[in-house]
Amino acid sequence: MKILVPVKRVVDYNIRVRVKADGSGVDLANVKMSMNPFDEIAVEEAMRLKEAGVATEVIAVSCGVVACQETLRTAMAIGADRSVLVETDIELQPLAVAKLLAAVAKKEAPQLIILGKQAIDDDANQTGQMLAALLGWPQATFASKVAIGDGKATVTREVDGGLETLEISLPAVVTTDLRLNEPRYATLPNIMKAKKKPMEIVKPAELGVDVAPRLTTVSVAEPPRRSAGIKVANVAALIDKLRNEARVIA
Amino acid sequence: MSILVIAEHDNAGLKAATLNAVTAAAEIGARLGTDIHVLVAGADCGTVAEHATRIRGVTRVKVADAAHYGDQTAENLAALIVAVVDSSAGGYTHILAAATSNGKNTLPRVAALLDVAQISEIIAVVDVDTFVRPIYAGSALATVKSADAVKVITLRSTSFDAASQGGNAAIEAIPVGPDLGQAKLIGREMTRSARPELAAAKVIVAGGRGLASGENYHKLLEPLADKLGAALGASRAAVDAGFAPNDYQVGQTGKIVAPALYIAIGISGAIQHLAGMKDSRVIVAINKDPDAPIFQVADYGLVADLFQAVPELLAGL
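Here the structure is a predicted model, which is why all the values come from computation and not from measurement. (Residues numbered from 1 in each chain as written. Chains lettered and ligands numbered in written order. Predicted model: local features only at pLDDT ≥ 70, side-chain atom pairs only at ≥ 80, totals over all residues. Heavy atoms only, no water.)

Asks: When you look at the sheet that holds strand 15 (residues 282-287) of chain B in this model, what are you seeing that I'm missing?
Replies: By definition, the strands of a sheet pair up through backbone hydrogen bonds, in either a parallel or an antiparallel sense. Read across the open sheet, the six strands follow the order 13(A)-16(B)-15(B)-14(B)-12(B)-13(B); overall the sheet is parallel. Pairing within the sheet leaves two strands with one partner each, and these edge strands are strand 13 (230-232) of chain A together with strand 13 (231-234) of chain B. Strand-to-strand twist across the sheet, computed as the mean angle between neighbouring axes with direction ignored, equals 25°. In this sheet, strand 15 of chain B lies alongside strand 14 (residues 261-265) of chain B in parallel orientation, the contact comprising five bridges. (Pairing = 2+ DSSP bridges. Helix = DSSP H or I, 4+ residues; strand = E, 2+ residues; numbered from the N terminus. Axes fitted to C-alpha atoms, helices over the stretch in contact; angles between N-to-C directions.)

Here it is as structure tokens:
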């Protein structure tokens, strides 16, 4: 079976972003970009399913600007067989991405789509669920364990209060949580090999998808800062402060 | 026109997050002069519906009671919510749910079926179509305006007060949808604890990598949590290392908390962790590294070896 793995190009996990002075957004000039960490976990999981003989082909797909090609090359360096870039300069919101991915999925007919539960830039946590809805497929979000059986997937999910395990029919959409796996590093030979793997480039219009944003960003601001606290000398001083100044303990 | 709030519950009782969602709905409703309805979808969920009628500000509680809503699977639930919106005579302007794991799982599915955007995890209502939400792990706050006819919204519970009791809403049993049979719950492993729920706790004792082992985590933090009547929390590092279960994780991708007192023990304070707890009223940090970023948000910082400081703290309380 085929697995489709959507990947997003985002500001690197280690970068602390700054809000632009004019409040129009965050400053992305000369900022290091990487693959969304949750999507790396998705690529890794797809590779493990391929190595286990469950999947026959892993296809990475990304939606966005030309530079998303780098993200797709990274996915292919980890092991994806080929990739699709839906290229556009328009700001893509989750619903638009889900529609683009649904169009790609209809063409590719995968049995499984694995993607990150959320992107660490907009923190929306929507795309996988929307994609499942548009395709009319079941979903298993926040996965910490995935097993593929006969026409179905058994997925353990991280939920409020603990874990729950769902059995869903295939085809299906799975979104990854942090503890699903630890992604491998791409090796140099694999990075070289990835350069020769096929990448198809399509435009949203060719897929018949209207990607116009539904939400307008009015402004972006710094969050209120906490005023700097104090250091206490010892435990006794800490207890005194909590009891008599902050009055949070009896 | 009305506003629809999706109840968060476990078939036996209503979860507190629903009360925060009603407050957010009321902030929008006050501007529009509209009613607030609550949808309770579950199995044998009559008690939950009864609770929901008593939330102040709610005028109607719609109940869909069927076995296939018992596990809150997103496929059946989303189809039901869309049917409720489509069949409602007056129509709904907004659909709200708390950003719990159920809310986050189901609402984007509803939004896609309605062909509208979802506005995730709002922390403030600016206007009926304009909301504030954190992005980049809370490093920035975006004010976004929706052009869609129906606004599908999840909200951060800690940013809205709980609605009070004293309401007297009418209960309406609504037709149940079909069981789509796409997903089946086959197992549940809930963390059993007599301590308060993390998301609703007044005091949280949280541990990080500095505790060095799961054994230390339990040995040092549990007595302290019990003494303070606190919930236990953990950093991602501590959960990844297996010191604590996954649902203890506080941070960007874990739980967002805002207790009256948050005690961070052996937690360095990565931005992803701070994103989950920096709205706490009083933050205490105990860490042996004086340069740990946690001290930049702590009201009271104690630079000390936690293996000495924590027992001393316990003894002194």
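On we go.
Asks: Explanation requested: the domain arrangement of chain B in the structure shown.
Replies: Note on interface size: it is often stated as the accessible area lost on association of the parts. Residues and elements named next belong to chain B. As far as domains go, chain B holds domain 1 (2-173) and domain 2 (198-316). The C-alpha-based centres of domain 1 and domain 2 are spaced at 31 Å. Domain 1 puts seven residues into the contact, and the matching count from domain 2 is eight residues. Here domain 1 packs against domain 2, burying approximately 610 Å² in sum over the two surfaces, 55% of which is carbon and sulfur. Its largest share of buried area at the contact with domain 2, domain 1 owes to Ala-137, Arg-156 and Thr-158, together 69% of the area lost on that side. One can count zero salt bridges joining domain 1 with domain 2. (Domains from an automatic or database assignment. Contact = heavy atoms within 4.5 Å. Buried area = accessible area lost by both parts, 1.4 Å probe. Salt bridge = Lys/Arg side-chain N within 4 Å of Asp/Glu carboxyl O.)

Asks: I tried to follow unusual backbone geometry on my own but got confused; where do I start?
Replies: Note: most residues except glycine have negative phi, and most peptide bonds are trans. Look at the link from A:Leu170 to A:Pro171: it is a cis peptide, with omega at 0°. Within the fold, A:Pro171 resides in the loop between strand 9 (162-169) and strand 10 (172-176). One non-glycine residue, A:Phe142, adopts positive backbone phi at about 55°. Along the chain, the position of A:Phe142 falls in strand 7 (residues 139-148). At B:Tyr136, a position not held by glycine, the phi torsion is positive, near 50°. The topology assignment puts B:Tyr136 in the loop between strand 7 (130-135) and strand 8 (140-146). Take B:Tyr136: its relative accessible area is 14%, and that puts it in the buried class. (Buried < 20%, exposed > 50% of the residue type's maximum accessible area, 1.4 Å probe, protein only.)

Asks: Explanation requested: the sheet that holds strand 5 (residues 118-122) of chain B in the structure shown.
Replies: Residues and elements named next belong to chain B. Overall, parallel pairing links the seven strands, which are arranged 5-9-4-1-2-3-10 in an open sheet. One side of each edge strand has no neighbouring strand; the edge strands of this open sheet are strand 5 and strand 10 (170-173). For this sheet, the mean inter-axis angle between neighbouring strands, taken without regard to orientation, is 25°. Note that strand 4 (residues 92-98) and strand 9 (residues 151-155) share five bridges and pair parallel. For Ala-98, the partnering residue across the bridge sits in strand 9 and is Leu-155.

Asks: What exactly am I supposed to notice about the interface of chain B and chain A here?
Replies: Each side of the interface is counted separately: chain B has 81 residues, and chain A has 74 residues. Both sides together, the interface formed by chain B and chain A hides about 6600 Å², and carbon and sulfur atoms give 53% of it. Our count for the contact surface shared by chain B and chain A stands at seven salt bridges. Residue B:Asp299 pairs with A:Arg226 through a salt bridge whose shortest N-O separation is 2.7 Å. Here chain B and chain A share 46 residue pairs in polar contact (both at pLDDT 80 or more) between them. Within the side of chain B that touches chain A, the residues separate by chemical class into 40 nonpolar, 22 polar and 19 charged. (Polar contact = N/O pair within 3.5 Å; in protein donor to acceptor, adjacent residues only side chain to side chain. Nonpolar A, V, L, I, M, F, W, Y, C, P; charged D, E, K, R; others polar.)

Asks: Would you explain empty space enclosed by the protein in this entry?
Replies: Taking a probe equal in size to a water molecule and rolling it over the atoms shows the remaining empty space. Tallied over the full model, the rule gives seven cavities of 30 Å³ or more. Estimated volume of the largest cavity: approximately 120 Å³. As for the largest cavity, its lining consists of 13 residues, and the residues nearest its centre are A:Tyr13, A:Ile15, A:Ile120, B:Tyr136 and B:Gln272. Looking at the lining of the largest cavity residue by residue, the classes come out as eight nonpolar, three polar and two charged. A domain-level breakdown of the lining of the largest cavity finds at least three residues from each of domain 1 (2-173) and domain 2 (198-316) of chain B. The calculated volume of the second largest cavity comes to roughly 70 Å³. Contributing to the lining of the second largest cavity are B:Ile6, B:Ala7, B:Glu8, B:Gln72, B:Leu77, B:Ala97, B:Thr100, B:Asn102, B:Gly103, B:Thr106 and B:Leu107. Top contributing element to the lining of the second largest cavity by residue count: helix 4 (residues 101-113) of chain B, with four residues. (1 Å grid on protein atoms, 1.4 Å probe; cavity = no way out; pocket = protein on both sides within 12 Å on 5 of 7 lines; lining within 4 Å. Points joined across faces, edges and corners; volume = space filled by probe spheres on them.)

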